[in-house]
Amino acid sequence: MEVARTTADVLVVGAGMVGAACAYYCSAAGLRVTVLDRAAIAGGTTSACEGNILVSDKEPGAELELALLSNRLWAALGAELGAASVELHHKGGVVVAKSPEAAGGLATLTAEQRRHGIEAVDVAPDRLFELEPNLAPDITAGAHYPQDMQVQPMLATAELLRRARRHGASVHTGTTVVEFLRGSGGEITGVRTDAPDVPTISAGWVINAAGSWGGSLAELAAAPIPVLPRKGFVLVTEPLPPVIHHKVYTAEYVANVASDDAALQTSVVVESTRAGTVLIGASRERVGFDRSVSIPVLRMLARQAIGVFPFLSDVALLRSYLGFRPYCPDHLPVIGADHRAPGLVHACGHEGAGIGLAAGTGHLIAQLLTDREPDLDLAPFHPARFQEVTT
Amino acid sequence: MTTSPAEPRYDVAVLGAGPAGLAAAVAAASTGSRVALIDSASRPGGQFWRHRAGDDGTRQLHWDTFRALRDALERVEHLAGHTVWHAERTEQGFTLHTVNGGAASEVACRTLIVATGAYDRQLPFPGWTLPGVFTAGGAQALLKGHGVLPGQRIVVAGTGPFLLPVAAGLAEAGARVLGVFEAGTPARFTRHPVTALGKLGEAVGYLRTLRRHRVPYRMRSAVVAAHGEATVRAAGVASLDARWRIVPGSTRTLDCDAVAVGYGFTPQLEIPLQLGCATRLDVDGSLVTRVDGQQRGTVPGVYVAGEACGVGGAGLSLVEGELAGLHAGYTTTDTRLNRRHIDRLLRRRAALRSFAAAMHEAYPVRRGWLGWLAEDTVICRCEEVTASEVRRSIVDLGATDPRAVKLYVRPGMGLCQGRMCGYATSWLTAQHHGRGVRQDDLLGMSSRPIAQPVSLGALSGHADD
Ligand SMILES: Cc1cc2nc3c(=O)[nH]c(=O)nc-3n(C[C@H](O)[C@H](O)[C@H](O)COP(=O)(O)OP(=O)(O)OC[C@H]3O[C@@H](n4cnc5c(N)ncnc54)[C@H](O)[C@@H]3O)c2cc1C
Ligand SMILES: Cc1cc2nc3c(=O)[nH]c(=O)nc-3n(C[C@H](O)[C@H](O)[C@H](O)COP(=O)(O)OP(=O)(O)OC[C@H]3O[C@@H](n4cnc5c(N)ncnc54)[C@H](O)[C@@H]3O)c2cc1C
């Protein structure tokens, strides 16, 4: 029996936020796209995050440039798809500080960020309570970031894939890549899967959008990249009337995001969702893919959230969830063609910012694959940077 | 995994004080184990022996058994009013995180017996979220626990033998029960060989009660709509074909002020799932914990008894509880077990389980109920997600399993955490993909790391770290 052979210009492996954005921009650019996921759409780390599209937590550097590009693209997506269809909310971020040291650090950061094009507004305490009336009284300083947004990440992923399908893309869930196919010159020509309906798919380009599993997928192509999991918990409260208006977090957060420490860190991020539940995130721990629930971590998050919003003490915790951020040692994503395996393009390793950075990533990948000049210099994200370090 | 510094305070902690948990606690204590019995209710008894203070047991079944168990609790530490919101493994056993009112505390034990029971399985239909529409178990609990009738003119509907005691109880307490509408055709069940063993006596008794109160019992019929503005005023009752599709033109309206509906039970599995116990799909289509001959789950030190390992009634729960309690007790105290007694219990368990399986086979949920749904029928009442939104998430957004539906449009993310809508969402998703409901569908809607709500203050206030 002859096996049906599927062909595409671009095969995206991974139907998370990043893979969906790649599929959306590539199909909009006229490429024939196929998307695979071993599980369901948006069932990976994308289903375990807070959906923030942030510029506020970025320090000057390549990631900040990608975040600013993504911020503009998300706003455009919201206008194009309808903000409600992805629950895109221009809520803005508020960063607060209690100690004089934290306040000083925050002021230095906002000044630096303003020089790099971020709207970062230092806010006096009285004005801070206008922005967030329920803040703890001992908060002494703050900053407002009007550009910060939030999206419902699972919905956004599904919606972008719906749009990509309208542009002719096909999506195969429950389909795992088990092997890469190679041409006579050793170049990647497609993949073999475990699904009987699409046993092989040939493609001009294979995009590695496998998130925290991007390292294993790259390994399968004999082109290893160091993507590792960084575990995080989020607490979800009972639904409340609107009591928190922005994404609110403490100044310690930025330091933690950029930290190299493997030990547990929590710096609380508190915000409401459209449904009224309050999300309280997020811890950072390097413990591999360990799915066990840690009560001390939940306790610490609860304690810190109450420190920012004391009223939360009486609010019920309904559930918690956890996920594994895909991180690289230098905290930058891997975006670009892998010269060890021609035909393979990476789009993974976005750590705690893959929702926000997805728009820029998909856009840049589409530019790359249609031979257009990328809006950003991709060199800092290039997979070859790891080889340079090792050799 | 956390380490608890000291030797656990209890050899055996029993979670749930219904028939299974009571039997387990008493049996474990009889082996000399130090036993804690934990339940969120203030009085022991669970759903089956739910009662009020000073209840003399007049309308209760097997009240003598309950009294004997309750009296034997002298040797057991009964932590009433304690809700367990999370269970975790430790080096020496388990730690149960509980809340009692606003106060958080922990219970450390070497072995754990989970006997958390089940709650009513819901099938949504137009109007089911109106005040006055109760679950069958909810209506019964109101009566048994508070002495309150859910209404004066009550329609009882659903499937399974449990509808009979509910209707009989309501009628005996003075309500006018307008009818019991059984969607299935259990006549075949009454001819089933295992029912002939004599277990039918109870059912016959209830039927007699219903006849005395002139309550009609109709098969192949169901409440397919509830009508009313602020509260339910009428129920739409229809005849069904063998696949539970509405027979065209058969719907009639009964004026009522309450409806009690139940389509079987959903076992409560949060705690075994938190601990990593394996599950299976039971004959009734419910997700249940896998247990072995000693009632052990697949995680060492965890025993499961009662509905949490398969719905089978109070009698089976008692036997399973006793087995679990004896084995857990014997393991922790290293005493010798009475093989003959154990064998007797195992034989009883086998007979009761085959009876339960025959019962489940006689009362299956048929796919025609999906046709009762209107586009705007609410599937998830907490998040107000309608049938058409669920369908849109499947057709337009590509949801291939119920967890994906939940992630895109939120059924199961609200207060009840999918306890109510998980089953219906699983059916809707499976039907659209041309398959039956699978174990993974239900698992995807059943993982609840926080088993019961706990205030952030109670969670954080604990100063042990
Ligand atoms: C903008 C926004 C809005 C949101 N709105 C809401 C809201 O309104 N209400 C709300 O409650 N939440 C909301 N969330 C949070 C969202 O619900 C979570 O992303 C998601 O629900 C977490 O998935 P889960 O509940 O399935 O839990 P998880 O903890 O992620 O689910 C665990 C699941 O993973 C499975 N699993 C996968 N791998 C394994 C493995 N190896 N071993 C064991 N089990 C495994 C389990 O079986 C289980 O099904 C929102 C998030 C955002 C960003
Ligand atoms: C607690 C927490 C909070 C977070 N908060 C935010 C936030 O507020 N804002 C933000 O921008 N980011 C946040 N993040 C990070 C964000 O969730 C991730 O960066 C992002 O989801 C990564 O998306 P992805 O598409 O790369 O990966 P995923 O969503 O994990 O998708 C990868 C997909 O690849 C599939 N896959 C893997 N291997 C194979 C294979 N061999 N074959 C087929 N399919 C395969 C997987 O099934 C998966 O669906 C948070 C993360 C966590 C854990």
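Residues numbered from 1 in each chain as written. Chains lettered and ligands numbered in written order. Predicted model: local features only at pLDDT ≥ 70, side-chain atom pairs only at ≥ 80, totals over all residues. Heavy atoms only, no water.

Caption draft 1: Structural context of the overall build of chain B. The secondary structure content of chain B amounts to 14 helices and 22 strands. For chain B, the C-alpha radius of gyration of 22 Å lies close to 23 Å, the compact-globule estimate for 465 residues. Along the three orthogonal principal directions, the C-alpha set of chain B runs to about 70 × 50 × 40 Å. Considering chain B as a whole, with its 465 residues, one finds that 57% of them fall into the buried category. For chain B, the distance from the average site of its 51 positive side-chain charges to the average site of its 41 negative ones is 8 Å. (Helix = DSSP H or I, 4+ residues; strand = E, 2+ residues; numbered from the N terminus. Rg over C-alpha atoms; globule rule 2.2 N^0.38 Å. Buried < 20%, exposed > 50% of the residue type's maximum accessible area, 1.4 Å probe, protein only. Lys, Arg positive; Asp, Glu negative; His and termini not counted. Charge placed at Lys NZ, Arg CZ, Asp CG, Glu CD.)

Caption draft 2: Quick look at the overall build of chain A. Across its full length, chain A holds ten helices and 18 strands. Over its C-alpha atoms chain A spans a radius of gyration of 21 Å, differing by no more than 12% from the 21 Å that the globule rule assigns to 391 residues. Counting only C-alpha atoms, chain A reaches 70 × 40 × 40 Å along its principal axes. Per-residue burial for chain A yields a buried fraction of 61% across its 391 residues.

Caption draft 3: Structural context of helix 2 (residues 63–72) of chain B. Those residues of helix 2 of chain B not exposed but buried are Trp63, Phe66, Leu69 and Ala72 of chain B. Looking at the buried side of helix 2 of chain B, the elements it contacts are helix 1 (19–30) and helix 8 (313–333) of chain B. (Contact = heavy atoms within 4.5 Å.)

Caption draft 4: Here's a closer look at unusual backbone geometry. Note the cis peptide between Gly281 of chain A and Ala282 of chain A, where omega equals -25 degrees. Turning to its location among the elements, Ala282 of chain A is positioned in strand 15 (residues 278–284). Of note, the phi angle at Asp371 of chain A is positive, near 55 degrees, even though the residue is not glycine. With respect to the helices, strands and loops of the structure, Asp371 of chain A is situated in the loop between helix 9 (354–369) and helix 10 (384–390). With relative accessibility at 74%, the residue Asp371 of chain A sits in the exposed group. The phi dihedral of Arg410 of chain B falls on the positive side, at around 80 degrees, and the residue is not glycine. With respect to the helices and strands, Arg410 of chain B occurs in the loop between helix 11 (402–409) and helix 12 (422–432).

Caption draft 5: Inspection of the sheet that holds strand 15 (residues 258–262) of chain B at higher detail. Residues and elements named next belong to chain B. What the five strands build is an open sheet, ordered 8-15-9-10-11; its pairing is parallel. Unpaired on one side and paired on the other, strand 8 (133–135) and strand 11 (217–219) mark the two borders of the sheet. This sheet shows a mean twist of 20 degrees between the axes of neighbouring strands, independent of strand direction. Relative to strand 15, strand 8 runs parallel, the two sharing three bridges. Residue pairing in the sheet places Val133 in a bridge with Val259 of strand 15. The strands touched by helix 3 (residues 136–146) within the sheet are strand 8 and strand 15, with strand 8 carrying the most contacts at an inclination of about 90 degrees. (Pairing = 2+ DSSP bridges. Axes fitted to C-alpha atoms, helices over the stretch in contact; angles between N-to-C directions.)

Caption draft 6: Up close: the site of ligand 2. Residue and element names in this part refer to chain A. Neighbouring ligand 2 are 35 residues, the closest being Asp37, Thr46, Asn52, Glu351 and Ile355. Val177 places a polar main-chain atom, nitrogen or oxygen, 3.1 Å from a nitrogen atom of ligand 2. Relative to its unbound accessible area of 1,000 Å², ligand 2 is 96% covered by the protein chains. For the shell around ligand 2, the secondary structure elements donating two or more residues are helix 1 (17–28), strand 12 (228–237), strand 16 (316–327) and helix 9. A per-element tally of the shell around ligand 2 places strand 16 first, with four residues. Among the residues making up the shell around ligand 2, the classes are represented as 15 nonpolar, 15 polar and five charged. (Near = heavy atom within 4 Å. Polar contact = N/O pair within 3.5 Å; in protein donor to acceptor, adjacent residues only side chain to side chain. Areas by Shrake-Rupley, 256 points an atom, 1.4 Å probe, with all protein chains shown as cover. Nonpolar A, V, L, I, M, F, W, Y, C, P; charged D, E, K, R; others polar.)

Caption draft 7: Quick look at the environment of Glu77 of chain B. All names here are of chain B. Looking at the element boundaries, Glu77 is found in strand 3 (residues 77–80). Placed 48 residues apart in sequence, Glu77 and Ala29 show a C-alpha to C-alpha distance of 9.8 Å. Those residues in contact with Glu77 that lie beyond four places of it in its chain are Arg9, Tyr10, Val35, Ala36 and Leu37.

Caption draft 8: Geometry of the interface of chain B and chain A. Of the residues lining the interface, 34 residues belong to chain B; the matching set on chain A comes to 39 residues. Taken together, both faces of the contact between chain B and chain A bury some 3,200 Å²; the carbon and sulfur share is 57%. Considering only the side of chain B, the residues that lose the most area to chain A are Tyr408, Arg410 and Leu456 of chain B, jointly responsible for 22% of the buried surface there. Ionic pairing is found between Arg410 of chain B and Glu87 of chain A, a salt bridge with its closest N-O pair at 3.0 Å. Linking chain B with chain A are twelve residue pairs in polar contact (both at pLDDT 80 or more), by the criterion used here. Counting only elements with at least two residues in the side of chain B that touches chain A, the list comes to strand 4 (83–89), helix 11, strand 22 (454–455) and helix 14 (456–460) of chain B. Its residues assigned to classes, the side of chain B that touches chain A shows 14 nonpolar, ten polar and ten charged. One ladder, built from two bridges, connects strand 16 of chain A with strand 22 of chain B; its direction is antiparallel. Bridge pairing in strand 22 of chain B places Leu317 of chain A opposite Val454 of chain B. (Buried area = accessible area lost by both parts, 1.4 Å probe. Salt bridge = Lys/Arg side-chain N within 4 Å of Asp/Glu carboxyl O.)

Caption draft 9: Seen up close, the domain arrangement of chain A. Residues and elements named next belong to chain A. Domain boundaries assigned for chain A yield domain 1 (7–49 + 153–226 + 330–390) and domain 2 (93–146 + 228–327). When each unit is reduced to the centre of its C-alpha atoms, the spacing between domain 1 and domain 2 is 30 Å. On the side of domain 2, 17 residues touch domain 1, which itself brings 13 residues to the contact. Note on domain 1 versus domain 2: buried area summed over both sides is about 1,100 Å², and carbon and sulfur give 57% of it. Together, Ser212, His331 and Glu351 form the three largest contributors to the area buried by domain 1 at its contact with domain 2, with a combined 47%. We note a salt bridge from Glu351 to Arg230, for which the minimum N-O separation is 2.4 Å. At the surface where domain 1 touches domain 2, the tally comes to six residue pairs in polar contact (both at pLDDT 80 or more). When its residues are assigned to classes, the side of domain 1 that touches domain 2 shows four nonpolar, eight polar and one charged. (Domains from an automatic or database assignment.)

Caption draft 10: Looking closely at the site of ligand 1. In the neighbourhood of ligand 1, 26 residues make up the surrounding shell, with Ser47 and Arg319 of chain A together with Arg403, Arg410 and Met413 of chain B lying closest. Residue neighbours of ligand 1 fall on chains A and B, so the site bridges chains. Contacts to ligand 1 include Arg319 of chain A, whose side-chain N or O atom sits 2.4 Å from an oxygen atom. Listed by contribution, the elements that provide at least two residues to the shell around ligand 1 are helix 5 (153–166) and strand 16 of chain A together with helix 11 of chain B. Across the shell around ligand 1, the residue classes tally to twelve nonpolar, eight polar and six charged.

Caption draft 11: How the structure looks around helix 12 of chain B. Residue and element names in this part refer to chain B. Of all eleven residues making up helix 12, nine are buried, and the element is well covered by its neighbours. Turning to helix 12, its buried residues number three or more, namely Gly422, Tyr423, Ala424, Thr425, Ser426, Trp427, Leu428, Thr429 and Ala430. In this structure, the buried residues of helix 12 make contact with strand 20 (378–380), helix 10 (387–395), helix 11 and helix 13 (439–444). Gly434 lies just past helix 12 and shows a positive phi near 65 degrees.

Caption draft 12: Quick peek at the pattern of salt bridges. Residue and element names in this part refer to chain B. Tallied over the entire structure, the rule returns 31 salt bridges over all chains. With its nearest N and O atoms 2.8 Å apart, the salt bridge here joins Arg296 to Asp292. Overall, the relative accessible area of 37% leaves Arg296 in the partly exposed class. The exposure class assigned to Asp292 is partly exposed, which follows from its relative accessible area of 27%. Each member of the salt-bridge network shares a partner with another, and the members are Glu7, Asp11, Arg34 and Arg110.

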